[in-house]
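Residue-level structural notes
So the chains spell out like this:
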Amino acid sequence: DQQVKQNSPSLSVQEGRISILNCDYTNSMFDYFLWYKKYPAEGPTFLISISSIKDKNEDGRFTVFLNKSAKHLSLHIVPSQPGDSAVYFCAAGGVLQGGSEKLVFGKGTKLTVNP
Amino acid sequence: NAGVMQNPRHLVRRRGQEARLRCSPMKGHSHVYWYRQLPEEGLKFMVYLQKENIIDESGMPKERFSAEFPKEGPSILRIQQVVRGDSAAYFCASSRREGASYNEQFFGPGTRLTVL
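**Some thoughts on the interface of chain B and chain A**
Taken together, the contact pairs 22 residues of chain B with 18 residues of chain A. In this assembly, chain B packs against chain A so that about 1700 Å² is buried in total across both faces, 56% of it on carbon and sulfur atoms. On the surface where chain B and chain A come into contact, there are two salt bridges. A salt bridge links Lys 107 of chain A to Glu 41 of chain B; the shortest N-O distance between them is 3.6 Å. Our count for the contact surface shared by chain B and chain A stands at four residue pairs in polar contact (both at pLDDT 80 or more). Contributing elements (two or more residues each) for the side of chain B that touches chain A: β4 (31–37) and β5 (43–50) of chain B.

The following block contains the structure:
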């Protein structure tokens, strides 16, 4: 049972354009959502987060949108840069069963930004 | 301020041997999480520990796997009698959870376990 889904395994965009990465979830108990960026042979690096009580959070070139009714969030990167090429993971968390605040991850989307 | 440290970065074991993976959380962090990533998959939660306590081990296989986070020293993920299916990247994350509005977890570089 996959509670967090990233249906696009890969995405390719041109430098300077917008990258939009999507994520869907099924558990309405999640309190917050995070995006992590991961390069090969490295651990995930925190990028941006959003609380379930908000619908938008912006940090520089990165904006995350949350649509609670659709159980959908997206990460917008604009303008995209070649250095943004990485695997992006969507993660969801909250005080779930047993009081644990573990993160539930999607399978990731590999973003390639072409010069 | 050093980040989350994991060692070894790469570990090769033969079937039946034991694997010990170590994780030192960021300074000031008292919460440790272990995740496993299989090829082409996302990270899957295994266990959540605080100092000397296992809080949630719902993601741990019932047999052969154990974890600890002693009062002194790093957190240890121990896999006994490894099998080929244990080959994966194992990531440790830590968090502080003091007044945080959400549980931002900082990840280490991971240990890549290969079972021959």
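Next comes the rest of the account.
**What to know about unusual backbone geometry**
Following Val 78 of chain A, the chain continues into Pro 79 of chain A via a peptide bond in cis, with omega recorded as -10°. Tracing the backbone shows Pro 79 of chain A in the loop between β8 (72–77) and β9 (86–93). Residue Pro 8 of chain B follows Asn 7 of chain B across a cis peptide bond; omega there is -5°. One can find Pro 8 of chain B in the loop between β1 (5–7) and β2 (10–13). Phi at Ala 41 of chain A takes a positive value of approximately 65°, unusual for a residue other than glycine. Mapped onto the elements, Ala 41 of chain A comes out in the loop between β4 (32–38) and β5 (45–51). Relative accessible area serves as the criterion here: at 44%, Ala 41 of chain A is assigned to the partly exposed category. Its identity as a non-glycine residue notwithstanding, Arg 64 of chain B has a phi of 75°, on the positive side. For Arg 64 of chain B, the location among the structural elements is in the loop between β6 (53–56) and β7 (65–68). By relative accessible area, which is 26% here, Arg 64 of chain B ends up partly exposed.

**Observations concerning the layout of surface pockets**
When its volume is computed, the largest pocket comes out at roughly 430 Å³. Along its surface, the largest pocket is lined by 21 residues, and Val 87 and Phe 89 of chain A together with Gln 37, Glu 40 and Glu 41 of chain B are the ones closest to its centre. Residue assignment for the lining of the largest pocket shows that the elements contributing at least two residues are β9 and β11 (109–114) of chain A. Ranked by residues supplied to the lining of the largest pocket, first place goes to β11 of chain A with four residues. Classifying every residue of the lining of the largest pocket gives ten nonpolar, five polar and six charged.

**Observations concerning the sheet that holds strand β3 (residues 19–25) of chain A**
Residue and element names in this part refer to chain A. The five strands are arranged β1-β3-β8-β7-β6 in an open sheet whose pairing can be described as antiparallel. Whereas interior strands pair on both sides, the edge strands pair on one side only; in this sheet they are β1 (4–5) and β6 (56–59). In this sheet, strand β7 (residues 62–67) lies alongside β6 in antiparallel orientation, the contact comprising four bridges. Within β7, the position partnered with Lys 56 by the bridge is Phe 65.

**Details of the sheet that holds strand β8 (residues 75–79) of chain B**
Residue and element names in this part refer to chain B. Spatially, β1-β3-β8-β7 is the arrangement adopted by the four strands of the open sheet, whose pairing is antiparallel. Each end of this open sheet is capped by a strand with a single partner; those strands are β1 and β7. Sheet twist, expressed as the mean angle between neighbouring strand axes with direction ignored, is 15°. Pairing of strand β3 (residues 19–24) with β8, which is carried by five bridges, proceeds in the antiparallel orientation. Paired with Arg 22 across the bridge in β8 is Ile 76.

Reading the values: rules and limits
- Per chain, the residues get numbers from 1 upward, laid out in the order the sequence is written.
- As they are written, the chains are lettered A onward and the ligands numbered 1 onward, keeping that order.
- The predicted nature of this model means local features are confined to residues of pLDDT at least 70 and side-chain atom pairs, given and counted, to a pLDDT of 80 or more, with totals for whole chains, interfaces and linings taken over all residues.
- Calculated side-chain values reflect all of the structure's heavy atoms, with hydrogen atoms and water omitted.
- We call two residues in contact whenever any of their non-hydrogen atoms come within 4.5 Å of each other.
- Once two parts are brought into contact, the accessible area they lose, counted with a 1.4 Å probe and summed over both, makes up the buried area.
- Should a side-chain nitrogen of Lys or Arg be within 4 Å of a carboxyl oxygen of Asp or Glu, the pair is scored as a salt bridge.
- Counted as a polar contact is a pair of N or O atoms within 3.5 Å, where, for protein atoms, one must be capable of donating a hydrogen and the other of accepting one, and residues adjacent in sequence contribute only when both atoms are in side chains.
- Helix numbers and strand numbers start at the N terminus; a helix is a DSSP run of H or I with at least 4 residues, a strand a run of E with at least 2.
- The rule is simple: take the accessible area with a 1.4 Å probe, protein chains only, and divide by the maximum for that residue type; under 20% is buried, over 50% is exposed, in between is partly exposed.
- Site definitions follow a grid-based scheme: protein atoms alone, a 1 Å grid, a 1.4 Å probe that fits but cannot get out for cavities, and for pockets an open set with protein on both sides within 12 Å along at least five of seven lines, plus lining residues having an atom within 4 Å of a point.
- Grid points are joined across faces, edges and corners, and a volume is the space filled by probe spheres set on the points.
- Amino acids outside the nonpolar list (Ala, Val, Leu, Ile, Met, Phe, Trp, Tyr, Cys, Pro) and the charged list (Asp, Glu, Lys, Arg) are all regarded as polar, and Gly is one of them.
- Paired strands, as defined in this entry, are two strands with at least two bridges between them according to DSSP.
- Each axis is a line fitted through C-alpha atoms, and for a helix only the stretch in contact is used; angles between axes span 0 to 180 degrees, taken between their N-to-C directions.

Honestly, it's all geometry; don't read function into it.
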